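Spelled out from the first residue to the last, the chains are:
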Amino acid sequence: MADVANGLKVTATGPAQWTRGKVAVALVAVAVVLTVLRYVGLLPDALFRIPEAMIPPAAVWLDAAFNFVKDDLGLLALTRTLTEGLEWLLDITANLMFGKRRWPFLGPIPWTAVAGVAAVIGYYLDGWRMAALGAGTFIWTALIGQWTIAMETMSVLMVAAPLAFFIGLSLGILAWKHAWVNRAIKPILSVLQTLPFFTYLLPAVIFFKVGPTAGAVATTIYAIPPMILMTTLGLQKVSPEVVEAGNMSGCTKWQLLRHVYLPSARTEILVGVNQVIMLCLAMVVLTAFIGMPGLGAKLLAMMGSFKLGRSFEIGVTIVLLAVMLDRMSKAWVVKQPEHFERDTPWWRRHWYLVTGVAVFVFFCIAAQVVPVFAEIGRTQNFSQGKEIDTLIKAFLALDPVQNTTQMIRYVLNVWILNPFRDFLLSIPTPAFILLVTAFALSLGGKGPAIYAAIFFGLVALSGWWDRSVITLYSVISAVTLAILIGVPLGIMASRSEKWSRRALLACDTAQTFPSFIYLIPAIMLFGVTATSVVMSILIFAMVPLTRYTIEGLRTVPPEMTEAADMAGATRMQKLISVQLPLALPTMAVGFNQAIMFAFFMVIVAAFIGTQDLGQELQRTLAGTDLGKNFVLGICVSLMALTFDLTIMKWATHRKKALGLPD
Amino acid sequence: MTADTVISCKNAWKIFGADPKGYLGSMPATHSFDDIRADGYIAGVKDVSIDVYRGEMLVIMGLSGSGKSTLVRCFSRLHDITGGAITVEGQDLMSLSEKELIELRRSKMGMVFQSFGLLPHRTVLENVAFPLEMRGQDKHTRRERALEVIKLVDLEGREEYFPRELSGGQQQRVGIARSLAIEPDIWFLDEPFSALDPLIRREMQDEFLRLQGMLGKTIVFITHDFDEALRLADRIAIMKDGAVEQCDTPDQIVLNPATEYVRKFTEVIDKARVVHAGVLAQAGSTGDGPPVDARATVQDLARLLVHDERAVIPVATDGKVIGGMDRAAALDILLETS
Ligand SMILES: Nc1ncnc2c1ncn2[C@@H]1O[C@H](COP(=O)(O)OP(=O)(O)OP(=O)(O)O)[C@@H](O)[C@H]1O
Ligand SMILES: [Mg+2]
């Protein structure tokens, strides 16, 4: 303790950089002392873990609060009313897409008609390739025999995405118009963005009906924040002179918004649309956890029963859908209206609309005549699930393959992961908090350090300390491994323009995949084991790491590398002493994202069977343990926020110090 | 003249910054532009009093950043002024309700913007028809009218283009067409011809002169081009650091610059091309012999001034002698700048 006091005294006098380090060292020293005391058996149990009796029953309090809001304030009545409207919409899309027996009793739309319309839209947006992607995705889905489950997913997406768009747009406009709305929304948004998706799921289940309705609600809420941000951003960027021109033309406020602001902010709004669609897809797949049928549920079931072939096929479908939706909505962003010569007839102006309707009608009629155009039956599809399954399993059973995976598993588990986990668990709680605080202090400074101490203190009080530490252990080990692989990959790719572009494209594409997809290769190689969890997190976290490494290195100002060249530096010297230090702040953004992704993935991966918070969270979904669900969610959120605050603070600070643009 | 004042601007201030009103209230009246800037504020318009008369073309000149656009924006209440008062057609601009303001803009005002301010998502035709649309005119009428003015600015055949598909000069002409479409009584033109080639520029100038002469429009015109100013202006206002240094007829500005700054600013102008015989005519000694026309510039009379030997040459408007011009004085003007 004397050390700490000393450190604090220096703070008052010495230069900031130096003392920060000293305080951090002092904190670490105390932590080490505590840990050693524990090892030799001198530390009382009460200092090792907070005793059960001292843990406040936060879950119970939260439950009481929820019950109050739900029943006494009548929120449940309100949401149940909303449910009816939503259900009506969902029934319509469900009827149209996969023929659920509900009003308007028109569906299902033949798969050929959907594929045809997708091709026309794709062609309109970006020519033949997009048309092929659009049609190809749906043709694959139909032929592989997944049409119905894919359309179950799409029917929810078709309700959730527009809903998220309109709500986000309206809130965005309000936040732009009224400063106080903006002030009120901003903090909520930043909390929403770090809350693990599981905390969205349970309230949705409780307040709305289980199944598609709850799924649609959770999906919508999850996708709203970026739409708000993009709308506000776009509206703020409209050129003032265009607005003045509108004013001088005598626009009323409403006319100004409708005819001047919104069309001028088109690009940003469409970028928002892209993000809404992608988030909706990511979430709608995850709603499998609350029993929503569709691609996600099927994938979950297939992976659970280790049917690798079918999992793989569903994975391809999800990836194709993601890539198609992403590419098409991005093409829409850059698509500019084209002009027609005067007196062009109506049908020429609306050529694509006419073609689209024609194609649709044609296939609808054709489907009446040729049944396979309408639906591909169980026995007609081309699914190779079994065969692929046998193939993969045979491949895995090959001696060299088996030996390799076995060895990786053994080395990882026995030498690295398990010892590391046991070590983390053996650290007394106060020492652990001190270590995290020291980390935040040395990187981010005083502010993040205080947050770190408070946040981890709260986690300790939540009563879920061990599971939190195991969660953290998965995250840290996976991200460390991801750094060891992803950063060198990024460095290699950044050497040439061509490879950088390719790697960035690959990363961007991979980022559009719903997180579930990353479980497939891990499970294929390592089965349903803890190694798979680390592996899937590793792959997921590697994507942003590689991406930002390339971006950081590519944006190092050329005059700096040239200066190093002129000084006669070797490639390695240049990399280590010039490029990496300058790229580090950008790379830090990548680290941060990797950690956030890892926290996210660790919960998804929990379904494989782990001992962390994720599994507990999944268990709460089965019941109606709202309070516990929130406590667990908040634990994850607090740990994630600690890293987020610290690393981002460091990155901005460092960028400023190096004179780099934000 | 007051009866015919369209815009009357009394001690108008426009200050940019964190708390302009509070700052203006607490600021000593003697503060200069630089003092204000030192306090972290910018005086876009600084204590300007100016009247614009019906049917005149008032040209505003001044260096970049001198506040020309800001002043015009105050006239149209695109900016709310920080202090002073501006009345348009007798109505106090600042006391108008939103509805009245929209009504005023729809019925009386038009503006061409320095950087065009075209709506990027609308075609040329839709851009030009936009103000008509806002007034609720039916589709057919506004289309007819828009096509008419598009022809006038020589953009026939590009009606369906989008702004980004046009050159700078073409975009500017769309902006001009948009304001022509509604034929407003009061016209604010912020460097409307800056991007046009000389030929079209001249055509456009003629068009505006025609409209002003025929329909009695009031025009406030900003330009950096002296030739343009001299060709168009009834009066010229010269601005510096947000303040109007002098506002007068072109002849008076070159002959009697109010400040050193105005003198410097107008130095480059060939005075002989600006000064009219009528301005030099002095009542009293009218001289003898055949008179010269009051509307002729000194340059127009160059040959006569050199060869004629009379000391005083009579000047006449419409055949009626109004005074005599001192030949030596006129010769001075002719020779000084050449
Ligand atoms: N919205 C604004 N906010 C802050 N300052 C402004 C704003 N608009 C103009 N200014 C400032 O007011 C001053 C006058 O600008 P103004 O646009 O009126 O100049 P100008 O005479 O039209 O110049 P130019 O010939 O380049 O168009 C400038 O110093 C400018 O920076
Ligand atoms: Mg200007």
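Residues numbered from 1 in each chain as written. Chains lettered and ligands numbered in written order. Predicted model: local features only at pLDDT ≥ 70, side-chain atom pairs only at ≥ 80, totals over all residues. Heavy atoms only, no water.

### Concerning the interface of chain B and chain A
And step 1. Chain B puts 36 residues into the contact, and the matching count from chain A is 25 residues.
And step 2. Seen at the junction of chain B and chain A, the total is 4 salt bridges.
And step 3. A:Glu241 is the salt-bridge partner of B:Arg73, the closest N and O atoms lying 2.9 Å from each other.
And step 4. Taken together, the links from chain B to chain A amount to 9 residue pairs in polar contact (both at pLDDT 80 or more).
And step 5. Contributions of two or more residues to the side of chain B that touches chain A are made by α4 (98–107), β6 (109–112), α5 (124–134) and α6 (139–152) of chain B.
And step 6. In the side of chain B that touches chain A, the residues fall into 16 nonpolar, 8 polar and 12 charged. (Contact = heavy atoms within 4.5 Å. Salt bridge = Lys/Arg side-chain N within 4 Å of Asp/Glu carboxyl O. Polar contact = N/O pair within 3.5 Å; in protein donor to acceptor, adjacent residues only side chain to side chain. Helix = DSSP H or I, 4+ residues; strand = E, 2+ residues; numbered from the N terminus. Nonpolar A, V, L, I, M, F, W, Y, C, P; charged D, E, K, R; others polar.)

### Thoughts on the site of ligand 1
Residues and elements named next belong to chain B.
And step 1. Close to ligand 1 lie 13 residues; Ser64, Gly65, Ser69, Thr70 and Gln114 are nearest.
And step 2. Ser69 has a polar side-chain atom sitting 2.6 Å from an oxygen atom of ligand 1.
And step 3. Gln114 is positioned such that a nitrogen or oxygen atom in its side chain is 2.7 Å from an oxygen atom of ligand 1.
And step 4. For ligand 1, whose accessible area on its own is 630 Å², the fraction buried by protein is 65%.
And step 5. Among the elements that line the shell around ligand 1, the one with the most residues is helix α3 (residues 68–75), at 3 residues.
And step 6. Its residues placed into classes, the shell around ligand 1 shows 3 nonpolar, 8 polar and 2 charged. (Near = heavy atom within 4 Å. Areas by Shrake-Rupley, 256 points an atom, 1.4 Å probe, with all protein chains shown as cover.)

### Looking at the UniProt feature "domain: ABC transmembrane type-1" (unreviewed entry) in chain A
And step 1. Here the UniProt feature "domain: ABC transmembrane type-1" (unreviewed entry) sits at residues 150–329 and 468–647 of chain A.
And step 2. Between the C-alpha atoms that bound residues 150–329 of chain A there is a distance of 19 Å. The span itself is 86% helix and 0% strand. (UniProt positions renumbered as here; feature names shortened; annotations may be inferred.)

### Focus: the UniProt feature "domain: ABC transporter" (unreviewed entry) in chain B
And step 1. Annotation from UniProt places "domain: ABC transporter" (unreviewed entry) at residues 30–266 of chain B.
And step 2. The straight-line gap between the two end C-alpha atoms of residues 30–266 of chain B is 27 Å; of that span, 43% is helix and 22% is strand.

### Digging into unusual backbone geometry
And step 1. Each neighbour pair has its own omega, and for A:Trp103 with A:Pro104 the value is 5°, a cis peptide bond.
And step 2. Considering the arrangement of structural elements, one finds A:Pro104 in the loop between α5 (75–98) and α6 (111–126).
And step 3. Positive phi is not limited to glycine here, since A:Phe306 has a value of about 60°.
And step 4. Among the secondary structure elements, A:Phe306 is positioned in the loop between α15 (295–304) and α16 (308–334).
And step 5. In this model, B:Arg77 sits at a positive phi of 55°, which is unusual for a non-glycine residue.
And step 6. Relative to the helices and strands, B:Arg77 resides in the loop between α3 and β4 (83–88).

### A word on a negative patch on the surface
And step 1. On the surface, a cluster of negative charge is contributed by B:Asp154, B:Glu156, B:Asp197 and B:Glu203.
And step 2. Along the chain, B:Asp154 falls in the loop between α6 and α7 (168–181). (Patch = residues over 30% accessible without salt bridge, like charges linked within 9 Å, V, L, I, M, F, W, Y side chains within 5 Å. Lys, Arg positive; Asp, Glu negative; His and termini not counted. Charge placed at Lys NZ, Arg CZ, Asp CG, Glu CD.)

### Some details on the coordination of the magnesium ion (ligand 2)
Residues and elements named next belong to chain B.
And step 1. Coordination of the magnesium ion (ligand 2) by the protein comes from Ser69 (OG) and Gln114 (OE1), over a distance range of 1.9 to 2.3 Å. Here Ser69, found in helix α3, pairs with Gln114, found in the loop between β6 and α5; they are 45 residues apart in sequence, far enough to count as distant.
And step 2. With relative accessibility at 16%, the residue Ser69 sits in the buried group.
And step 3. On the accessibility criterion, Gln114 (33% relative accessible area) is partly exposed. (Donors = N, O, S within 2.8 Å, 3.2 Å for Na, K, Ca; no water. Buried < 20%, exposed > 50% of the residue type's maximum accessible area, 1.4 Å probe, protein only.)

### Notes on the pattern of salt bridges
And step 1. Enumeration according to the criterion identifies 36 salt bridges over all chains in this entry.
And step 2. Between A:Arg38 and A:Asp45 there is a salt bridge; the shortest N-O distance is 3.1 Å.
And step 3. A salt bridge links B:Asp293 to B:Arg295; its shortest N-O distance comes to 3.7 Å.
And step 4. Exposure remark for B:Asp293: the relative accessible area of 34% places this residue in the partly exposed category.
And step 5. Looking at B:Arg295, the relative accessible area reads 57%, which means it is exposed.
And step 6. Because the salt bridges share partners, they merge into one network encompassing A:Asp91, A:Lys100 and A:Arg102.

### Describing the side chain of B:Gln172
Residues and elements named next belong to chain B.
And step 1. Topologically, Gln172 is positioned in helix α7.
And step 2. Its relative accessible area of 0% is what places Gln172 among the buried residues.
And step 3. If near-sequence neighbours (up to four positions away) are discounted, Gln172 is found in contact with Phe116, Glu191, Pro192, Phe193, Ser194, Ala195 and Leu196.

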